[in-house]
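Structural description and commentary
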Amino acid sequence: MKSIVRTILSGAALAATALLYTFPATAQESSFGPADAKETYYWISNKANLPLFVQYDYVGMKRIAEELGVKVIVAGPTDFDVPGFIAAVDQVCAQKPSGVSVVGGWDPSLTESVKKCLEQGVPTVVDDGDLPDSGRLAYIGTNWTQVGVAQAKKLMEMLPKGGKVASMSIINAGNMREAVAGFKAYVEANGGGKYTIVANEDDGGDAQKAAQVTAAILAAHPDIAGLAGFDSESGAGIVTALREAGKNPGDIKVTAMEQTPDFFKSAKEGWVDGIVVQNRELFIYYAVKLLHDYNTNTLKSAGLTAKEGGRPIPDSLDTGVILITKDNVDKVLTALKVK
């Protein structure tokens, strides 16, 4: 896979020049599919070259581009830059591509940009975090409430006597707010009063900051029993901080989200008790497939075509999750060829 860092919309010199002044961060663009494709679809995200995205989402993009013979292009700032992300969505949709998938979980403020895309006649879906008030054609991705429930269940299983627990996430990200709410609700409803959630801290989606946050939690709550991380960088930061604090694997129970496959070793080593893994390769694969179907399948809703207001594709697609633990981690590491 060849990735190049440049401004988005490289085919339009004027637009690219304008974007250089719009974005504080340089944007990432990777292109998949044949050069002479008649249809072009965009996937737009914050932190567009996040290792998690490159490892999984890009695989789905490449596969669907090859299967449908369309072009799929990655766009968006490489840093955590919500204004730059919003500007990228606006600029891409102004070019009237065949369709756009926006990673909606980063911030609810993306709602208005998705609305504008649709008003311009650009078929638009969201993935990896819903924007239910945007009018999006479909949501493709994880049920984030269930992510919170999965982590709560695992921590409670590992801490049958109860104790203090804390979580960390990108606290302004809509999908992670759903996860944290699901986590809290499950603990309160099923914990029998044995568990106290002492903090939900912001790690900004950065492993180094997650380590700092973990260190602060350990200092404030020396008797902390469990930690839950809800973004892809949380777990790595938690493990780093526990190592630096002189803890042993299992001293504090940990649940986390997936990062790169190498992180799964932490489950084998006993640092992390449960890693929630999304079916990320399916996100953009089905996002582009649904957009392509919307454009081409000619199916109708109550006799109405897509152009007439029909919705010839599903409103949502839950791609599910799996939980990696010490019981299945060896199988996963072997499948991913991680040594």
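Look a little higher up for the structure.
Residues numbered from 1 in each chain as written. Predicted model: local features only at pLDDT ≥ 70, side-chain atom pairs only at ≥ 80, totals over all residues. Heavy atoms only, no water.

Along the backbone of the chain there are eleven helices and 15 strands. Overall, the chain is about 60 × 45 × 35 Å in size when its C-alpha atoms are taken along their principal axes. Sorting the 339 residues of the chain into buried and exposed places 54% on the buried side. Counting only contacts in the chain whose residues sit at least 6 apart along the sequence, the fraction spanning at least 24 positions is 72%. For the chain, the computed accessible surface area is about 14500 Å², with 51% contributed by carbon and sulfur atoms. Each charge class in the chain was averaged separately, 33 positive and 39 negative side chains, and the resulting centres sit 4 Å apart. (Helix = DSSP H or I, 4+ residues; strand = E, 2+ residues; numbered from the N terminus. Buried < 20%, exposed > 50% of the residue type's maximum accessible area, 1.4 Å probe, protein only. Contact = heavy atoms within 4.5 Å. Areas by Shrake-Rupley, 256 points an atom, 1.4 Å probe, with all protein chains shown as cover. Lys, Arg positive; Asp, Glu negative; His and termini not counted. Charge placed at Lys NZ, Arg CZ, Asp CG, Glu CD.)

The next subject is the sheet that holds strand E14 (residues 316–318). Judged by pairing direction, the sheet is mixed, and its seven strands sit side by side in the order E3-E5-E4-E6-E7-E8-E14 without closing on themselves. Only two strands of the sheet have a single partner each, and these edge strands are strand E3 (31–32) and E14. Pairing between E3 and strand E5 (residues 71–75): two bridges, direction antiparallel. From the neighbouring strand, Phe 32 faces E5, where its bridge partner is Val 72. Lying over the sheet, helix H2 (residues 51–68) contacts E3, strand E4 (40–44) and E5, oriented at roughly 155 degrees with respect to E5. (Pairing = 2+ DSSP bridges. Axes fitted to C-alpha atoms, helices over the stretch in contact; angles between N-to-C directions.)

What follows concerns the packing of aromatic side chains. Within the structure shown, the criterion is met by six aromatic pairs. Measuring from ring centre to ring centre gives 5.2 Å for Trp 43 and Phe 53, while their planes differ by 85 degrees; the resulting arrangement is edge-to-face. On the criterion of sequence distance, the pair formed by Trp 43 in strand E4 and Phe 53 in helix H2 is long-range, its members being ten residues apart. Here the aromatic residues Phe 32, Trp 43, Phe 53 and Tyr 58 are joined through ring pairs into a cluster of three or more. (Phe/Tyr/Trp six-rings, centres within 6.5 Å; stacked < 30°, edge-to-face > 60°.)

Summed over all chains, the structure comprises one disulfide. In this model, Cys 93 is linked to Cys 117 through a disulfide, with the two sulfur atoms separated by 1.9 Å. With the S-S bond torsion at 85 degrees, the cross-link from Cys 93 to Cys 117 turns out right-handed. Taken together, the residues Cys 93 in helix H3 (residues 82–94) and Cys 117 in helix H4 (residues 110–119) connect sequence positions 24 residues apart. Of the two residues examined, Cys 93 and Cys 117, each falls in the buried class. (Disulfide = S-S within 2.5 Å.)

The subject of this paragraph is the pattern of salt bridges. Scanning the model with the defined rule gives 13 salt bridges in all. As a salt-bridge pair, Arg 136 and Asp 130 come within 2.8 Å of each other at their nearest N and O atoms. Overall, Asp 130 belongs to the partly exposed group, its relative accessible area being 23%. In this structure, Asp 315 engages Arg 311 in a salt bridge whose closest nitrogen and oxygen atoms are separated by 3.7 Å. Accessibility expressed as a relative area gives 44% for Asp 315, which makes it partly exposed. Taking relative accessible area as the criterion, Arg 311 reaches 36% and is therefore assigned partly exposed. Several salt bridges share partner residues, and in doing so they unite Asp 130, Arg 136, Arg 311 and Asp 315 into one network. (Salt bridge = Lys/Arg side-chain N within 4 Å of Asp/Glu carboxyl O.)

With that settled, consider the nonpolar core. By size, the foremost hydrophobic cluster in this structure holds 96 residues, and its most contacted members are Trp 43, Ile 44 and Phe 264. The contacts of Phe 264, once residues within four sequence positions are left out, are Tyr 56, Glu 258, Ile 275, Val 277, Ile 324, Val 329, Val 332, Leu 333 and Leu 336. (Core = buried A, V, L, I, M, F, W, Y, C linked by side-chain atoms within 4.5 Å.)

Let us look at the pairing of E5. Along E5, five of the five residues are buried, which leaves the element largely enclosed by surrounding structure. The two faces of E5 match: Lys 71, Ile 73 and Ala 75 on one face and Val 72 and Val 74 on the other face are all buried. Taken together, the five bridges between E4 and E5 define a ladder with parallel strand orientation. Considered in E5, the bridge of Trp 43 is made with Val 74. In this view, the connection linking E4 to its parallel neighbour E5 by way of H2 has right-handed handedness. (Right-handed = clockwise from strand over helix to strand, strands pointing away.)

The next point concerns the sheet that holds strand E9 (residues 163–169). The sheet built from six strands is open, its strands ordered E10-E9-E11-E12-E13-E15 with mixed pairing. On the outer flanks of this sheet lie strand E10 (195–202) and strand E15 (321–324), each paired with one strand and no other. Averaged over all neighbouring strand pairs, the angle between strand axes comes to 15 degrees, with direction disregarded. Relative to strand E12 (residues 253–257), strand E11 (residues 224–229) runs parallel, the two being bridged by three bridges. Across the sheet, Ala 228 pairs through a bridge with Thr 255, a residue of E12. Its contacts with the sheet put helix H6 (residues 174–190) on E9, E10 and E11, and the angle it makes with E10 is roughly 170 degrees.

In short, the description is geometric, and any link to function would need to be established separately.
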